[in-house]
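# Structural characterization, general
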Amino acid sequence: MSRPGRLAVGVLGAGRVGAVLGAALRRAGHEVVGATGVSEESRDRIDALLPGVPVVEPDALVRQADLVLLTVPDDSIHAVTAGLASLGAWRAGQIVVHTSGRYGTEALADATAAGALPLAIHPAMTFTGTSLDLDRLTDAVFAVSAPAPVLPIAQALVVEMGGEPLVIEDSARPAYHAALVHGANHVVTAVTQAGAQLARIGVEEPGRVLGPLVHASVEGALADAPGAVASLTGPVVRGDAGTVAAHLAALAGQVEMLHAYRAMARATADLALSGGRIGPAAYADIIATLGVDT
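Scope of this entry: the structure provided in the associated data block. These numbers were taken from a predicted model, which means no experiment stands behind them.

Within the secondary structure layout, Ala-184 lies in helix α8 (residues 173-200). For the pair Ala-184 and Ala-228, spaced 44 residues apart in the sequence, the C-alpha separation amounts to 16 Å.

Right, dumping it as structure tokens:
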């Protein structure tokens, strides 16, 4: 017997996020009535995470769903929504959810014009597109944005999937997403560059060398956030301009890493100065040593 309040869910875009969130809603008792998937990877993902769910065309999917998970790439949200509107697929009272961190509900304007209820729900985690993600949803934070009358729906869906809703205004979503990208994706870039540099000098397992240091640094920064000044270590915080100069010389042949090192060292110096970890004179020496990127 179906429970009250259960929704017919359509997954429009069975990528890593869509298939997992569809499976999470199914686990919560909703019925996934269909999914779209063009690539072999998407169809395999549907078979693995949403067994028995038919693969259907987008307009047919939207017409039969009470809740549409519009889990397509960010730059496709407007076009897909508009295209479905031109076909008359959206209907009044239907819930449509996109999972972009960048956009708010304005990205769903064409569906909203047809009377659909727009929700922007972004899980602040990375996805493998496997069943492992279902357990990782538990206690994950989801940024939710929606018009005030339907905001409780977005919050309830997140709770049903095991997450914790965090309300973000539409206008603040680009800043929110930039923070996540800078704090997560750019850390991966820095670690990758550091690992490559160790490999260049003959270190066979760079991850073993970097692991304890990186984990401790990230954990300390998270514990101290948003200030994190207490977690700063290294030559910049010590005002050791000589060591910074030696680093620049060692990286002279690695243009991309050299640019990244200079930019992050300047940002570290600014943070150290504002937090009282370094004095004006030492700060000036560091900045002068870093020089100007060419």
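Moving on from the coordinates now.
Where strand β6 (residues 141-145) lies against strand β7 (residues 164-167), four bridges are found, and the strand directions are parallel. Each residue of the ladder has a partner; that of Val-144, found in β7, is Val-167. As a crossover connection, the stretch from β6 through helix α7 (residues 151-160) into β7 is right-handed.

Here the focus is the sheet that holds strand β3 (residues 67-70). Read from one edge of the open sheet, seven strands run β2-β1-β3-β4-β5-β6-β7, paired in mixed fashion. With one partner strand each, in any of the chains shown, β2 (31-35) and β7 form the two edges of the open sheet. Across the sheet, the axes of successive neighbouring strands diverge by a mean angle of 25°, strand direction being ignored. The pairing of β3 with strand β4 (residues 95-98) spans four bridges and is classified as parallel. Directly across from Val-68, in β4, lies its bridge partner Val-96. With respect to the sheet, α7 is in contact with β3, β4, β5 (117-123), β6 and β7, its orientation differing from that of β5 by roughly 40°.

Once that is clear, we can look at the packing of helix α11 (residues 241-250) against helix α13 (residues 280-290). For any two helices packed against each other, one specifies the crossing angle of their axes together with the interaxial distance. Taken N-terminus to C-terminus, the directions of α11 and α13 make an angle of 15°; their axes are 9 Å apart at the nearest point. With respect to their mutual orientation, α11 and α13 come out roughly parallel. Considering only the axes of α11 and α13, their crossing is right-handed. Every residue of α13 that contacts α11 at Ala-241, Val-244, Ala-245 and Leu-248 is listed here: Asp-285, Ile-286, Thr-289 and Leu-290. Here the residues of the contact of α11 with α13 are counted per class, giving six nonpolar, one polar and one charged.

Where like charges cluster on the molecular surface, the negative patch consists of Glu-40, Glu-41, Asp-44 and Asp-47. Mapped onto the secondary structure, Asp-47 falls in helix α2 (residues 40-49). For Asp-47, a relative accessible area of 55% gives the class exposed.

This part covers the nonpolar core. Ranked by internal contacts, the top residues of the largest apolar core, which has 34 residues, are Leu-50, Leu-67, Leu-69, Leu-119, Ile-121, Leu-137 and Phe-142. Counting residues per element, this core draws most heavily on helix α1 (residues 16-27), at six residues.

Scanning the entire structure with this criterion turns up six salt bridges. Arg-102 is paired through a salt bridge with Asp-75; the nearest N and O atoms lie 3.3 Å apart. With Arg-102 in the loop between β4 and α5 (109-113) and Asp-75 in the loop between β3 and α4 (77-86), this pair connects stretches of sequence that are 27 residues apart. In this structure Arg-102 comes out as partly exposed when scored by relative accessible area, which is 37%. Asp-75 gets classed as exposed once you look at its relative accessible area, which sits at 64%. Across the salt bridge formed by Glu-205 and Arg-208, the nearest N and O atoms sit 3.8 Å from each other. Judged by relative accessible area, Glu-205 falls into the partly exposed class, the value being 46%. Using a relative accessible area of 65% as the deciding quantity, one classes Arg-208 as exposed.

So, how was this worked out
- All residue numbers refer to position in the chain's written sequence, counted from 1.
- In keeping with the predicted nature of the model, local features appear solely for residues at pLDDT of at least 70, side-chain atom pairs appear and are counted solely at 80 or more, and the whole-chain, interface and lining totals rest on all residues.
- Note that water and hydrogens are dropped before the side-chain values are worked out from all heavy atoms of the structure.
- The way it works is that DSSP assigns letters per residue, a run of H or I at least four long becomes a helix, a run of E at least two long becomes a strand, and they are numbered from the N terminus.
- A pair of strands is considered paired only if DSSP assigns at least 2 bridges between the two.
- By definition, the crossover connecting two strands over a helix is right-handed if that path, from the first strand to the second, turns clockwise as seen with the strands pointing away from the viewer.
- Axis definition: a line fit to C-alpha positions, over the contact stretch in the case of helices; interaxial angles, taken between N-to-C directions, run 0 to 180 degrees.
- Contacts are assigned to residue pairs with any non-hydrogen atoms lying within 4.5 Å of each other.
- Working rule for angles: under 35 degrees goes down as roughly parallel, over 145 as roughly antiparallel, 65 to 115 as roughly perpendicular, anything else as oblique.
- Crossings are sorted by hand: turned counterclockwise from the far helix by less than a right angle, the near helix makes the crossing left-handed, and turned clockwise it makes it right-handed.
- Residues are grouped as follows: nonpolar covers Ala, Val, Leu, Ile, Met, Phe, Trp, Tyr, Cys and Pro; charged covers Asp, Glu, Lys and Arg; every other residue, Gly included, is treated as polar.
- Like charges within 9 Å and nonpolar side chains (Val, Leu, Ile, Met, Phe, Trp, Tyr) within 5 Å are joined into patches, using only residues over 30% in relative accessible area that form no salt bridge.
- Accessible surface is estimated by sampling points in the Shrake-Rupley manner with a 1.4 Å probe; for residues, cover comes only from the protein chains shown.
- By definition, a salt bridge exists where a carboxyl oxygen of Asp or Glu is found within 4 Å of a side-chain nitrogen of Lys or Arg.
- His is not counted, nor are the chain ends; Lys and Arg add positive charge and Asp and Glu add negative charge.
- Taken as the charge centre is NZ of Lys, CZ of Arg, CG of Asp or CD of Glu, depending on the residue.
- Accessible area is worked out with a 1.4 Å probe on protein chains only. A residue is then buried under 20% of its type maximum, exposed over 50%, and partly exposed in between.
- Joining through side-chain atoms within 4.5 Å is the link that ties buried Ala, Val, Leu, Ile, Met, Phe, Trp, Tyr and Cys residues into a set, and such a set is a nonpolar core.

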